[in-house]
Amino acid sequence: MWLRVLGSAAGGGFPQWNCGCPGCRAVRDGSRPCQPRTQSSIAVSVDYQRWFLFNASPDLRAQIESFPALRTAHGRATPMAAVLLTDAELDHTMGLLLLREGRELELHATVPAYQTLRDGNGLLRTLEAYCPVKWRTVQPGVPVELAEGLTYQAFDVPTSKRARFVVGAAPEGRVVGYRLTDEHSGGTAVYLPGVQDLTPSVLAQLNDCDCLLVDGTCWRDDELIELGLAGKTSREMGHMPIDGPDGSLARLAGLPIARKIYLHMNNTNPILLDDAPERRLVEERGMEVAMDGLEVRV
Ligand SMILES: [Zn+2]
Ligand SMILES: [Zn+2]
(Lines give C-alpha, C1' and ligand atoms only; values in the text may rest on other atoms or scores of the structure.)
(Ligands and ions follow the chains in the order given, each with its own letter.)
Protein backbone atom coordinates (compact mmCIF):
# COMPACT_ATOMS: atom_id res chain seq x y z
CA MET A 1 0.00 0.00 0.00
CA TRP A 2 0.97 3.58 -0.47
CA LEU A 3 0.56 6.13 2.29
CA ARG A 4 0.76 9.72 1.16
CA VAL A 5 0.99 12.56 3.68
CA LEU A 6 -1.25 15.31 2.32
CA GLY A 7 -0.82 17.58 5.33
CA SER A 8 1.67 17.18 8.16
CA ALA A 9 0.80 20.10 10.46
CA ALA A 10 -1.70 20.21 13.31
CA GLY A 11 -4.74 22.51 13.34
CA GLY A 12 -3.81 25.99 12.17
CA GLY A 13 -1.10 24.75 9.81
CA PHE A 14 2.45 26.07 9.53
CA PRO A 15 2.40 29.06 9.60
CA GLN A 16 -0.90 29.69 11.36
CA TRP A 17 -2.69 32.84 10.20
CA ASN A 18 -2.75 34.57 13.60
CA CYS A 19 0.51 33.27 15.05
CA GLY A 20 3.82 35.01 15.43
CA CYS A 21 5.67 32.31 17.38
CA PRO A 22 9.35 31.74 16.47
CA GLY A 23 8.47 28.92 14.05
CA CYS A 24 5.72 30.81 12.23
CA ARG A 25 7.99 33.84 11.90
CA ALA A 26 10.83 31.68 10.56
CA VAL A 27 8.71 29.98 7.90
CA ARG A 28 7.32 33.33 6.77
CA ASP A 29 10.58 35.25 6.56
CA GLY A 30 12.87 32.35 5.65
CA SER A 31 15.27 33.11 8.49
CA ARG A 32 15.56 29.41 9.41
CA PRO A 33 15.47 26.38 7.11
CA CYS A 34 11.93 24.96 7.19
CA GLN A 35 9.00 24.05 4.94
CA PRO A 36 5.43 25.34 5.22
CA ARG A 37 2.93 22.60 5.99
CA THR A 38 -0.81 22.18 5.57
CA GLN A 39 -3.21 20.67 8.09
CA SER A 40 -3.25 16.99 8.95
CA SER A 41 -4.51 14.34 6.54
CA ILE A 42 -3.19 11.30 4.67
CA ALA A 43 -4.34 9.35 1.61
CA VAL A 44 -3.96 5.57 1.29
CA SER A 45 -4.19 3.27 -1.75
CA VAL A 46 -3.24 -0.27 -2.71
CA ASP A 47 -3.41 0.30 -6.48
CA TYR A 48 -2.54 4.00 -6.79
CA GLN A 49 -5.95 4.43 -8.52
CA ARG A 50 -8.54 4.49 -5.73
CA TRP A 51 -7.62 6.49 -2.67
CA PHE A 52 -8.96 6.60 0.86
CA LEU A 53 -8.62 9.83 2.79
CA PHE A 54 -7.91 9.69 6.50
CA ASN A 55 -9.35 12.93 7.88
CA ALA A 56 -10.40 15.84 5.71
CA SER A 57 -8.51 19.01 6.58
CA PRO A 58 -9.52 22.61 5.86
CA ASP A 59 -6.65 22.58 3.31
CA LEU A 60 -8.13 19.68 1.35
CA ARG A 61 -8.71 21.52 -1.91
CA ALA A 62 -5.06 22.59 -2.18
CA GLN A 63 -3.92 19.12 -1.07
CA ILE A 64 -5.88 17.45 -3.88
CA GLU A 65 -4.46 19.81 -6.47
CA SER A 66 -0.92 19.25 -5.21
CA PHE A 67 -1.15 15.47 -5.64
CA PRO A 68 -1.88 14.42 -9.25
CA ALA A 69 -3.27 11.00 -8.23
CA LEU A 70 -6.20 12.71 -6.44
CA ARG A 71 -7.15 14.99 -9.32
CA THR A 72 -10.15 14.27 -11.49
CA ALA A 73 -9.11 13.29 -15.03
CA HIS A 74 -12.49 13.47 -16.76
CA GLY A 75 -16.08 14.40 -15.99
CA ARG A 76 -16.72 14.50 -12.25
CA ALA A 77 -15.16 11.13 -11.40
CA THR A 78 -12.96 11.40 -8.32
CA PRO A 79 -10.23 8.92 -7.36
CA MET A 80 -11.25 9.44 -3.70
CA ALA A 81 -13.41 6.48 -2.70
CA ALA A 82 -14.15 7.38 0.93
CA VAL A 83 -13.13 9.47 3.92
CA LEU A 84 -12.28 7.85 7.27
CA LEU A 85 -12.23 9.92 10.45
CA THR A 86 -10.13 9.50 13.58
CA ASP A 87 -12.41 11.88 15.54
CA ALA A 88 -14.68 14.88 15.06
CA GLU A 89 -12.04 17.63 15.50
CA LEU A 90 -12.61 20.60 13.18
CA ASP A 91 -9.09 20.41 11.71
CA HIS A 92 -9.87 16.81 10.66
CA THR A 93 -13.40 17.40 9.36
CA MET A 94 -13.82 20.91 7.94
CA GLY A 95 -12.59 19.58 4.59
CA LEU A 96 -15.77 17.49 4.34
CA LEU A 97 -17.67 20.68 3.53
CA LEU A 98 -15.26 21.27 0.63
CA LEU A 99 -16.47 18.00 -0.92
CA ARG A 100 -20.05 19.27 -1.21
CA GLU A 101 -19.93 19.23 -5.02
CA GLY A 102 -19.55 15.44 -4.94
CA ARG A 103 -22.35 13.06 -5.96
CA GLU A 104 -22.14 11.06 -2.74
CA LEU A 105 -19.69 10.81 0.12
CA GLU A 106 -18.82 7.54 1.84
CA LEU A 107 -17.84 8.45 5.39
CA HIS A 108 -16.36 6.03 7.93
CA ALA A 109 -16.75 7.34 11.48
CA THR A 110 -17.44 5.99 14.95
CA VAL A 111 -20.85 6.58 16.54
CA PRO A 112 -19.57 9.41 18.81
CA ALA A 113 -17.75 11.15 15.93
CA TYR A 114 -20.79 10.87 13.65
CA GLN A 115 -23.20 12.11 16.31
CA THR A 116 -20.93 15.04 17.10
CA LEU A 117 -20.73 16.07 13.46
CA ARG A 118 -24.38 15.52 12.67
CA ASP A 119 -26.28 16.54 15.77
CA GLY A 120 -23.59 18.41 17.73
CA ASN A 121 -21.98 21.01 15.48
CA GLY A 122 -24.23 20.33 12.48
CA LEU A 123 -21.37 20.03 10.00
CA LEU A 124 -22.80 16.88 8.42
CA ARG A 125 -26.32 18.29 8.27
CA THR A 126 -24.94 21.24 6.33
CA LEU A 127 -23.03 18.92 3.99
CA GLU A 128 -26.07 16.69 3.47
CA ALA A 129 -28.01 19.66 2.13
CA TYR A 130 -25.64 19.49 -0.87
CA CYS A 131 -24.33 15.93 -1.07
CA PRO A 132 -25.72 12.65 0.33
CA VAL A 133 -23.51 11.11 3.01
CA LYS A 134 -23.31 7.32 3.26
CA TRP A 135 -22.24 6.59 6.82
CA ARG A 136 -20.27 3.45 7.58
CA THR A 137 -20.03 2.84 11.33
CA VAL A 138 -16.48 2.38 12.53
CA GLN A 139 -16.43 -0.18 15.33
CA PRO A 140 -13.11 -0.47 17.16
CA GLY A 141 -11.72 -3.99 16.91
CA VAL A 142 -13.79 -5.02 13.89
CA PRO A 143 -11.82 -5.58 10.65
CA VAL A 144 -13.29 -3.96 7.55
CA GLU A 145 -12.31 -4.55 3.92
CA LEU A 146 -11.97 -1.11 2.35
CA ALA A 147 -10.88 -2.28 -1.08
CA GLU A 148 -9.69 -5.52 -2.61
CA GLY A 149 -6.53 -6.30 -0.64
CA LEU A 150 -6.83 -3.42 1.86
CA THR A 151 -8.37 -3.80 5.31
CA TYR A 152 -8.53 -1.58 8.34
CA GLN A 153 -9.17 -2.12 11.98
CA ALA A 154 -9.85 0.90 14.18
CA PHE A 155 -8.80 0.90 17.81
CA ASP A 156 -9.94 3.08 20.68
CA VAL A 157 -7.52 5.78 21.85
CA PRO A 158 -8.56 6.84 25.36
CA THR A 159 -8.71 10.59 25.90
CA SER A 160 -9.77 12.90 28.70
CA LYS A 161 -9.84 15.97 26.48
CA ARG A 162 -13.02 17.94 27.06
CA ALA A 163 -15.29 17.24 24.12
CA ARG A 164 -17.15 20.02 22.36
CA PHE A 165 -20.59 19.51 20.78
CA VAL A 166 -21.03 16.04 22.26
CA VAL A 167 -24.53 14.58 22.01
CA GLY A 168 -25.09 11.78 24.52
CA ALA A 169 -22.15 9.81 23.27
CA ALA A 170 -20.14 7.30 25.26
CA PRO A 171 -16.46 8.29 25.55
CA GLU A 172 -15.31 5.09 23.82
CA GLY A 173 -14.59 5.67 20.17
CA ARG A 174 -14.37 9.47 20.46
CA VAL A 175 -10.81 9.12 19.20
CA VAL A 176 -9.54 6.14 17.25
CA GLY A 177 -6.39 5.11 15.46
CA TYR A 178 -6.36 2.95 12.35
CA ARG A 179 -4.35 -0.16 11.68
CA LEU A 180 -4.14 -0.83 7.94
CA THR A 181 -3.15 -4.09 6.33
CA ASP A 182 -2.18 -4.75 2.73
CA GLU A 183 -3.36 -8.33 2.30
CA HIS A 184 -1.05 -8.94 -0.66
CA SER A 185 2.25 -7.59 0.69
CA GLY A 186 1.32 -8.41 4.30
CA GLY A 187 2.49 -4.91 5.24
CA THR A 188 0.82 -3.07 8.11
CA ALA A 189 0.71 0.61 8.95
CA VAL A 190 -0.80 2.51 11.87
CA TYR A 191 -2.25 6.01 11.59
CA LEU A 192 -2.40 7.70 14.98
CA PRO A 193 -2.45 11.51 14.65
CA GLY A 194 -3.92 12.07 18.11
CA VAL A 195 -2.83 10.12 21.16
CA GLN A 196 -2.90 11.43 24.73
CA ASP A 197 -1.10 8.48 26.27
CA LEU A 198 0.49 5.27 25.02
CA THR A 199 -1.65 2.96 27.12
CA PRO A 200 -0.96 -0.80 26.99
CA SER A 201 -3.91 -1.32 24.63
CA VAL A 202 -2.67 1.40 22.24
CA LEU A 203 0.92 0.11 22.37
CA ALA A 204 -0.32 -3.38 21.54
CA GLN A 205 -1.57 -2.02 18.20
CA LEU A 206 1.85 -0.61 17.30
CA ASN A 207 4.20 -3.38 18.31
CA ASP A 208 4.52 -5.34 15.09
CA CYS A 209 3.57 -2.81 12.42
CA ASP A 210 5.90 -1.83 9.55
CA CYS A 211 5.12 1.88 9.52
CA LEU A 212 3.85 4.15 12.26
CA LEU A 213 2.48 7.62 11.52
CA VAL A 214 2.15 9.16 14.93
CA ASP A 215 1.15 12.29 16.83
CA GLY A 216 4.02 14.81 16.94
CA THR A 217 1.90 17.83 17.95
CA CYS A 218 4.06 19.37 20.67
CA TRP A 219 7.68 18.97 21.73
CA ARG A 220 7.01 19.88 25.35
CA ASP A 221 3.86 19.43 27.39
CA ASP A 222 3.83 23.12 28.42
CA GLU A 223 4.95 24.45 25.02
CA LEU A 224 1.95 26.70 24.37
CA ILE A 225 1.90 27.98 27.96
CA GLU A 226 5.65 28.81 27.84
CA LEU A 227 5.14 30.82 24.65
CA GLY A 228 2.17 32.61 26.20
CA LEU A 229 -0.14 31.38 23.43
CA ALA A 230 -2.60 29.23 25.34
CA GLY A 231 -3.45 28.07 28.84
CA LYS A 232 -3.54 24.36 28.12
CA THR A 233 -0.90 21.67 28.13
CA SER A 234 -0.37 19.39 25.17
CA ARG A 235 -1.85 16.43 27.04
CA GLU A 236 -4.91 18.47 28.01
CA MET A 237 -5.44 19.00 24.28
CA GLY A 238 -5.26 15.24 23.69
CA HIS A 239 -1.67 14.99 22.48
CA MET A 240 1.21 13.45 24.39
CA PRO A 241 4.40 15.52 24.06
CA ILE A 242 7.51 14.18 22.31
CA ASP A 243 10.08 15.20 24.95
CA GLY A 244 10.49 14.03 28.52
CA PRO A 245 10.88 10.69 30.28
CA ASP A 246 7.21 9.87 29.59
CA GLY A 247 7.14 11.50 26.15
CA SER A 248 6.55 9.69 22.88
CA LEU A 249 10.21 9.72 21.78
CA ALA A 250 11.35 7.83 24.87
CA ARG A 251 8.45 5.40 24.54
CA LEU A 252 8.60 4.79 20.77
CA ALA A 253 12.25 5.06 19.73
CA GLY A 254 13.08 1.53 20.86
CA LEU A 255 10.17 -0.19 19.13
CA PRO A 256 11.18 -2.49 16.24
CA ILE A 257 9.17 -0.60 13.59
CA ALA A 258 10.92 0.07 10.26
CA ARG A 259 9.48 3.56 9.72
CA LYS A 260 8.40 5.70 12.66
CA ILE A 261 7.21 9.06 11.44
CA TYR A 262 5.95 12.08 13.36
CA LEU A 263 3.13 14.07 11.83
CA HIS A 264 0.40 16.48 13.00
CA MET A 265 3.07 18.93 14.25
CA ASN A 266 1.84 22.15 15.83
CA ASN A 267 3.51 25.30 14.46
CA THR A 268 5.17 25.88 17.85
CA ASN A 269 7.03 22.55 17.68
CA PRO A 270 10.78 23.15 17.18
CA ILE A 271 11.19 19.91 15.18
CA LEU A 272 9.62 21.80 12.25
CA LEU A 273 12.87 23.76 11.98
CA ASP A 274 15.38 21.68 10.00
CA ASP A 275 18.36 23.00 11.99
CA ALA A 276 16.85 22.70 15.49
CA PRO A 277 18.63 20.51 18.05
CA GLU A 278 15.27 18.91 18.85
CA ARG A 279 14.96 17.82 15.21
CA ARG A 280 18.44 16.29 15.33
CA LEU A 281 17.56 14.42 18.51
CA VAL A 282 14.45 12.90 16.92
CA GLU A 283 16.39 11.77 13.86
CA GLU A 284 19.28 10.41 15.90
CA ARG A 285 16.78 8.20 17.72
CA GLY A 286 15.63 6.75 14.40
CA MET A 287 12.40 8.67 13.96
CA GLU A 288 11.38 10.86 11.03
CA VAL A 289 9.51 14.14 10.72
CA ALA A 290 6.89 14.18 7.95
CA MET A 291 6.62 16.85 5.30
CA ASP A 292 3.63 17.41 3.04
CA GLY A 293 4.00 15.07 0.06
CA LEU A 294 5.94 12.36 1.90
CA GLU A 295 5.04 8.98 0.43
CA VAL A 296 5.71 5.65 2.10
CA ARG A 297 5.24 2.25 0.49
CA VAL A 298 4.50 -0.57 2.92
ZN1 LIG B 1 -5.72 17.69 14.61
ZN1 LIG C 1 3.11 29.74 15.41
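Our structure is the block above this text.
Sequence order sets the numbering: in each chain, residues are counted from 1 along the sequence as written. Here every chain gets a letter starting at A, and every ligand a number starting at 1, in the order they are written. Given that this is a predicted model, residues contribute local features only at a pLDDT of at least 70 and side-chain atom pairs are listed and counted only at 80 or more, while totals for whole chains, interfaces and linings are drawn from all residues. Processing note: side-chain calculations cover all non-hydrogen atoms of the structure and skip hydrogens and water entirely.

Draft legend 1. Structural context of the coordination of the zinc ion (ligand 2). Only N, O and S atoms count as donors, using a 2.8 Å limit from the metal and a wider 3.2 Å limit for Na, K and Ca, and since water is excluded some coordination spheres may look unfilled. Bound to the zinc ion (ligand 2) are the protein donor atoms C19 (SG), C21 (SG), C24 (SG) and N267 (OD1), situated 2.2 to 2.3 Å from the metal. Under the classification used here, a metal with four donors is tetrahedral if each angle lies between 85 and 135 degrees, square planar if opposite donors are over 155 degrees apart and the others between 65 and 115, a six-donor metal meeting that same test is octahedral, and anything else is irregular. Between the four donor atoms coordinating the zinc ion (ligand 2), the angles at the centre fall across 102 to 117°, so the site counts as tetrahedral. Every donor residue of the zinc ion (ligand 2) comes from the same chain, spaced as C-x1-C-x2-C-x242-N. Per residue, the accessibility class of C19 equals that of C24, and both read buried. Throughout, exposure labels follow a simple rule: accessible area from a 1.4 Å probe, protein chains only, divided by the maximum for the residue type, with under 20% read as buried, over 50% as exposed, and the rest as partly exposed.

Draft legend 2. The arrangement of unusual backbone geometry in detail. In the segment running from F14 into P15, the intervening peptide bond is cis, with an omega of 0°. Secondary structure elements are defined from DSSP: runs of H or I of at least 4 residues count as helices, runs of E of at least 2 residues count as strands, and each element is numbered from the N terminus. Note on placement: P15 falls in the loop between β1 (2–7) and α1 (22–29). A positive phi angle, near 65°, is found at Y48, a position not held by glycine. Assignment of secondary structure puts Y48 in the loop between β2 (41–45) and β3 (51–54). Of note in the backbone geometry, H264 takes a positive phi value of approximately 60° without being a glycine. Within the secondary structure layout, H264 lies in the loop between β12 (259–263) and α9 (277–284). Residue class for H264 comes out buried when judged on its relative accessible area of 3%.

Draft legend 3. Local environment of the coordination of the zinc ion (ligand 1). Protein coordination of the zinc ion (ligand 1) is provided by D91 (OD), H92 (NE2) and H264 (NE2), with donor distances spanning 2.0 to 2.1 Å. Sequence positions of the donors to the zinc ion (ligand 1) reduce to the motif D-H-x171-H. Taken together, the residues span a long stretch of sequence, with H92 in helix α3 (residues 90–93) and H264 in the loop between β12 and α9 at a distance of 172 residues. The same class applies to H92 as to H264, namely buried.

Draft legend 4. View of the pattern of salt bridges. In what follows, salt bridge is the name for a side-chain nitrogen of Lys or Arg lying within 4 Å of a carboxyl oxygen of Asp or Glu. Throughout the structure, instances matching the rule amount to 17 salt bridges. Among the ionic contacts, a cluster of salt bridges with common partners joins D197, R235, D246 and R251.

Draft legend 5. Representation of helix α4 (residues 111–120) in the model. Every buried residue of α4 is listed here: P112, A113, Y114, T116 and L117. On its buried face, α4 sits against α3, β5 (105–109), α5 (123–128) and β6 (133–137). Of the residues trailing α4, G122 is marked for its positive phi of about 75°. Any two residues whose heavy atoms approach within 4.5 Å at even a single point are treated as in contact.

Draft legend 6. Spatial organisation of the side chain of H264. We call two N or O atoms a polar contact when they sit within 3.5 Å, provided that within protein one can donate a hydrogen and the other can accept it, with sequence-adjacent residues counted only if both atoms are side-chain atoms. A distance of 3.3 Å separates a polar atom in the side chain of H264 from a polar atom in the side chain of H92. The residues touching H264, leaving out its near neighbours within four places in the chain, are S8, A9, A10, G11, S40, D91, H92, P193, D215, G216, T217 and H239.

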